[in-house]
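# Inside the fold
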Amino acid sequence: MVGTSAKTLSSGEASAFVTANTGLIAPPHVPEIVLHLADEAHALWLRTEAELEAIGLPPPFWAFAWAGGQGLARHILDHPEIVAGKTVLDFATGSGLVAIAARKAGAATVIAADTDPFCPAAVALNATANDVEIAFDGRDLIGHDEGWQVVLAGDVFYDRALAERLSGWLGRLSARGALVLVGDPGRSYLPRALLTEIATYQVPVTRALEDAEVKHTTVWRFD
């Protein structure tokens with residue numbers, strides 16, 4: 001998730017909210033990993049979205065294993081050489097799924113980045129559940145370059161303005177030598193002309209949040 005929040009949460013408040021509204025669940029396409037996820041997707045989404053909107057906080061994107069992230073995490077776990085021994089940024093990390101996959105695959109350092117105020121707590125809880133160490137960065141990193149060797153982004157091209165910002169930034173990172181991989185289930189603003197298809201997956205998802213029970217998900221490389 002990318003954006004800003006109208007409220008500042010304490011770490012205790014965020015952790016309590018995450019644990020109260022989720023259970024430890026293995027995403028169907030990445031059963032090696034467990035996450036604090038919503039088990040009643042539609043009910044939680046509607047309830048928490050209304051509650052969070054009332055206090056100026058974003059919808060709970062962190063509570064679901066979205067198709068793009070599942071596909072990208074699967075690809076990393078199946079091809080650990082992509083990240084092994086390298087510094088990795090997982091941009092718009094959400095639950096931390098892709099970051100955890102990178103760490104399990106042998107990345108030297110993994111930074112999970114997201115501006116959602118619940119994500120530090122969600123990522124910390126999920127990292128602990130999977131016995132891995134993940135660093136967290138809550139800044140909007142678009143436009144920044146801190147020398148990451150691999151940059152991963154799952155399901156980020158859902159908004160036109162955001163896609164325009166991301167395309168230029170990720171393209172520049174790729175041009176200076178970073179490996180930039182994107183997991184995407186066919187979102188409207190994916191810049192296909194800038195990408196090379198690497199792999200495809202059929203990812204089970206919840207129909208409550210998507211338009212299908214399985215999403216054809218592609219892993220792309222920025223060139």
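Please refer to the structure placed before this passage.
The text that follows walks through the structure, step by step, so that each part is easy to find.

### Focus on the overall build of the chain
- A tally of helices and strands in the chain yields six helices and nine strands.
- Taken across its 223 residues, the chain has 53% of its residues classed as buried.
- Counting contacts in the chain only where the partners sit at least 6 residues apart, residues at least 24 apart contribute 68% of the total.
- On the chain, roughly 9,300 Å² of surface is accessible, and the fraction owed to carbon and sulfur atoms is 52%.

### Thoughts on the nonpolar core
- In terms of nonpolar packing, the biggest core is built from 35 residues, with I33, I76, V83, V88, A102, I134 and L152 touching the most fellow members.
- Considering each element in turn, this core owes the most residues, six residues, to helix α4 (residues 97–104).
- Beyond its immediate sequence surroundings of up to four residues, V88 is in contact with V83, A102, A107, T109, V110, I111, V150 and L152.
- Ranked by size, the runner-up nonpolar core spans 25 residues in total, among them I111, L141, V156 and V182.

### Some points on the sheet that holds strand β7 (residues 179–184)
- In spatial order, the strands read β5-β4-β3-β6-β7-β9-β8; together these seven strands make up an open sheet with mixed pairing. Edge positions in the open sheet fall to β5 (135–137) and β8 (195–204), since each of these has one partner strand only. Mean inter-strand twist for the sheet, computed between neighbouring axes without regard to direction, equals 20°.
- Two strands pair when backbone bridges link them, and β7 and strand β9 (residues 214–222) are joined in this way by four bridges, in the antiparallel orientation. Opposite D184, over in β9, you have T218 as the bridge partner.
- Sheet contacts for helix α3 (residues 67–78): β6 (150–154), β7, β8 and β9; angle to β8, the most-contacted strand, approximately 110°.

### Topic: the pairing of β6
- The element β6 is largely enclosed, with a buried count of five among its five residues.
- Of the two faces of β6, the one holding V150, L152 and G154 and the one holding V151 and A153 are both buried throughout.
- Both strand β3 (residues 87–91) and β6 contribute to a ladder of four bridges, which runs parallel. Bridging from a neighbouring strand, V88 pairs with V150 of β6.
- Two strands pair when backbone bridges link them, and β6 and β7 are joined in this way by five bridges, in the parallel orientation. Within the sheet, the bridge partner assigned to G154 lies in β7 and is G183.
- In terms of handedness, the path from β6 via helix α6 (residues 160–175) over to β7 forms a crossover that is right-handed.

Thresholds applied
- Residues numbered from 1 in each chain as written.
- Predicted model: local features only at pLDDT ≥ 70, side-chain atom pairs only at ≥ 80, totals over all residues.
- Heavy atoms only, no water.
- Helix = DSSP H or I, 4+ residues; strand = E, 2+ residues; numbered from the N terminus.
- Buried < 20%, exposed > 50% of the residue type's maximum accessible area, 1.4 Å probe, protein only.
- Contact = heavy atoms within 4.5 Å.
- Areas by Shrake-Rupley, 256 points an atom, 1.4 Å probe, with all protein chains shown as cover.
- Core = buried A, V, L, I, M, F, W, Y, C linked by side-chain atoms within 4.5 Å.
- Pairing = 2+ DSSP bridges.
- Axes fitted to C-alpha atoms, helices over the stretch in contact; angles between N-to-C directions.
- Right-handed = clockwise from strand over helix to strand, strands pointing away.

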